[in-house]
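Remarks on the overall topology
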Amino acid sequence: MGAPLAVELDRSSPVPLYFQLAQTIENAIIGGELAPGDRFENELALAKRLNLSRPTTRRAIQELVDKGLLVRKRGVGTQVVQSAVHRPVELTSLFDDLARAGQSPTTKLLDYQVSVPAEDVAAELNLQPGAEVASIRRLRSTNGEPLALMTNHIPVDLAPDPEELEAHGLYHALRARGVHIRLARQRIGAKAATKAEASLLDEKTGAPLLTMNRTAFDDSGSAVEFGSHCYRASRYYFDTTVVDR
């Protein structure tokens with residue numbers, strides 16, 4: 001274990017001390033200051049160092065255990081585990097978000113086909129009868145661990161080459177073609193992993209997966225991409241900010 005984590009607590013704040021402590025530790029894990037496998041300071045030493053009660057430090061650590069960021073191991077102590085991918089609900093690509101967060105994204109192209117799409121896909125993309133799309137299926141990993149299965153349908157005249165999709169994200173390839181995605185309509189949900197999905201994502205069959213369907217539109221209002229993605233719920237979550245009207 002390296003140097004103790006620097007923690008600043010505002011004791012005059014209405015925010016509970018356990019929550020302030022949990023947020024500081026979580027930010028250190030997400031930011032890479034605490035790496036997967038690092039042993040974390042034990043509750044008693046942490047409480048003494050920060051002049052906190054032991055129940056306060058225990059509650060903070062339990063918050064992070066419940067989130068899957070820390071794990072308690074008998075005879076070893078508390079350790080940092082692989083941090084979950086934290087993504088804001090914004091009009092960005094997963095590849096770009098991971099790269100900005102220093103998460104080392106990689107992509108494996110599983111399938112690439114050009115064909116006349118099913119009716120629901122044609123409707124999402126507002127295509128004329130008989131128009132073709134490139135249907136692309138990819139496995140996105142981060143730091144060597146599988147994270148998401150992504151299926152995208154793109155009008156064939158805009159579709160990137162297969163090689164581009166393993167080197168960069170889809171939106172990067174579209175920008176290189178002069179396509180600027182202006183807005184998107186998306187739906188976030190959940191499902192149980194099928195046997196095939198579980199195998200690719202290193203999960204158990206039936207494990208919870210987050211899902212997102214997105215239809216993206218360019219500056220002219222034309223639909224340029226329809227995607228259907230699923231993410232490991234154990235490794236991925238969306239962040240939203242809500243305000244009172």
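What counts as what
- By convention here, each chain's residues receive numbers from 1 onward along its written sequence.
- With the structure being a predicted model, the display of local features is reserved for residues of pLDDT at least 70 and the display and counting of side-chain atom pairs for 80 or more, all residues being used for whole-chain, interface and lining totals.
- Side-chain measures were taken over the full set of non-hydrogen atoms in the model, leaving aside hydrogen atoms and water.
- Here a strand is any run of E in DSSP of at least two residues, a helix any run of H or I of at least four, and the numbering for each starts at the N terminus.
- For the exposure calls, accessible area comes from a 1.4 Å probe over protein chains only, and a residue counts as buried if that area is under 20% of its type's maximum, exposed if over 50%, partly exposed in between.
- A carboxyl oxygen of Asp or Glu within 4 Å of a side-chain nitrogen of Lys or Arg is what we treat as a salt bridge.
- Whether two strands pair depends on DSSP finding at least two bridges between them.
- By definition, residues are in contact when any of their heavy atoms lie within 4.5 Å.
- Note on definitions: angles span 0 to 180 degrees between N-to-C directions of axes, and those axes are lines fitted to C-alpha atoms, for helices only across the stretch in contact.
- Should an angle lie under 35 degrees it is considered roughly parallel, over 145 roughly antiparallel, and from 65 to 115 roughly perpendicular; all remaining angles are considered oblique.
- Crossing handedness is defined as follows: a turn of the near helix away from the far one that is anticlockwise and smaller than a right angle gives a left-handed crossing, while the clockwise case is right-handed.
- Basically, the charged four are Asp, Glu, Lys and Arg, the nonpolar ten are Ala, Val, Leu, Ile, Met, Phe, Trp, Tyr, Cys and Pro, and anything else, Gly included, counts as polar.
- Each residue carries a pLDDT value, the predictor's own confidence for that position, ranging from 0 to 100.
- Whenever a nitrogen or oxygen atom comes within 3.5 Å of another N or O atom, the pair is scored as a polar contact, on the condition that within protein one atom can donate a hydrogen and the other can accept it, and that pairs from neighbouring residues in sequence are kept only if both atoms are in side chains.

Some words on the overall build of the protein
A count of helices and strands for the protein gives eight helices and 11 strands. Within the protein, buried positions represent 42% of all 245 residues.

Remarks on the pattern of salt bridges
In total, this model carries 10 salt bridges according to the counting rule given. Residues Glu-43 and Arg-72 are paired through a salt bridge, measuring 2.8 Å at the closest nitrogen-oxygen approach. Of this pair, Glu-43 sits in helix 2 (residues 43-50) while Arg-72 is found in strand 2 (residues 70-73), placing the two residues 29 residues apart along the sequence. Residue Glu-43 is classed as buried on the basis of its relative accessible area of 12%. Overall, Arg-72 belongs to the partly exposed group, its relative accessible area being 35%. Between Arg-185 and Glu-124 there is a salt bridge, with its nearest N and O atoms 3.0 Å apart. Of this pair, Arg-185 sits in strand 8 (residues 181-192) while Glu-124 sits in helix 5 (residues 119-124), and the two are 61 residues apart along the sequence. What emerges from the salt-bridge pattern is a single network uniting Glu-43, Arg-54, Arg-58 and Arg-72.

With respect to the sheet that holds strand 2
Read from one edge to the other, the open sheet built from three strands follows the order 1-3-2, with strand pairing classed as antiparallel. A strand with exactly one partner marks an edge of an open sheet, and here the two such strands are strand 1 (39-40) and strand 2. Sheet topology note: the strand 1/strand 3 (residues 77-80) ladder contains two bridges and is antiparallel. Along strand 3, the bridge assignment pairs Arg-39 with Gln-79. Against the sheet, helix 3 (residues 54-66) engages strand 1, strand 2 and strand 3, with an angle of about 110° to strand 2.

Examining the packing of helix 1 (residues 17-30) against helix 3
As a packed pair, helix 1 and helix 3 sit with axes 8 Å apart at the nearest point and diverge in direction by 45°. Comparing their axes, helix 3 and helix 1 come out oblique. You can see that helix 1 and helix 3 cross each other, and the crossing is right-handed. Where helix 1 abuts helix 3, its residues Leu-17, Tyr-18, Leu-21, Ala-22, Ile-25 and Glu-26 lie against Thr-56, Thr-57, Arg-59, Ala-60, Glu-63 and Leu-64. Residues that form the contact of helix 1 with helix 3 fall into these classes: seven nonpolar, two polar and three charged.

Overview of the packing of helix 2 against helix 3
Interhelical geometry of helix 2 versus helix 3 gives an angle of 120° and a closest axis separation of 9 Å. It follows that helix 2 is oblique to helix 3 by the angle criterion. Considering how the two elements wind past one another, helix 2 and helix 3 form a crossing that is right-handed. Along its contact with helix 2, which presents Glu-43, Leu-44, Leu-46 and Ala-47, the element helix 3 presents Arg-54, Thr-57, Arg-58 and Ile-61. For the contact of helix 2 with helix 3, a count of residues per class yields four nonpolar, one polar and three charged.

A word on the confidence of the model for the protein
Should the pLDDT be low somewhere, the predicted coordinates at that spot are not to be read in detail. Residue-level pLDDT values for the protein average 84, and 86% of them are 70 or greater. Mean pLDDT across the elements of the protein ranges from a minimum in strand 4 (residues 85-88), with 52, to a maximum in helix 8 (residues 195-201), with 95.

Description of the environment of Gly-68
Among the secondary structure elements, Gly-68 is positioned in the loop between helix 3 and strand 2. Sequence separation between Gly-68 and Val-81 is 13 residues; the distance between their C-alpha atoms is 7.2 Å.

A few points about the side chain of Thr-57
With respect to the helices and strands, Thr-57 occurs in helix 3. Not counting chain neighbours up to four residues away, the residues in contact with Thr-57 comprise Leu-21, Glu-43, Leu-46, Ala-47 and Leu-52.

Thoughts on the environment of Gln-20
Along the chain, the position of Gln-20 falls in helix 1. Take Gln-20: its relative accessible area is 13%, and that puts it in the buried class. Separated by 40 residues in the primary sequence, Gln-20 and Ala-60 have C-alpha atoms spaced 8.3 Å apart. Beyond its immediate sequence surroundings of up to four residues, Gln-20 is in contact with Glu-8, Leu-9, Asp-10, Ser-13 and Val-15. Of the polar contacts made by the side chain of Gln-20, one reaches the backbone nitrogen of Asp-10; its length is 2.8 Å. Reaching out from Gln-20, the side chain makes a polar contact with the backbone oxygen of Val-15 at a distance of 2.9 Å.

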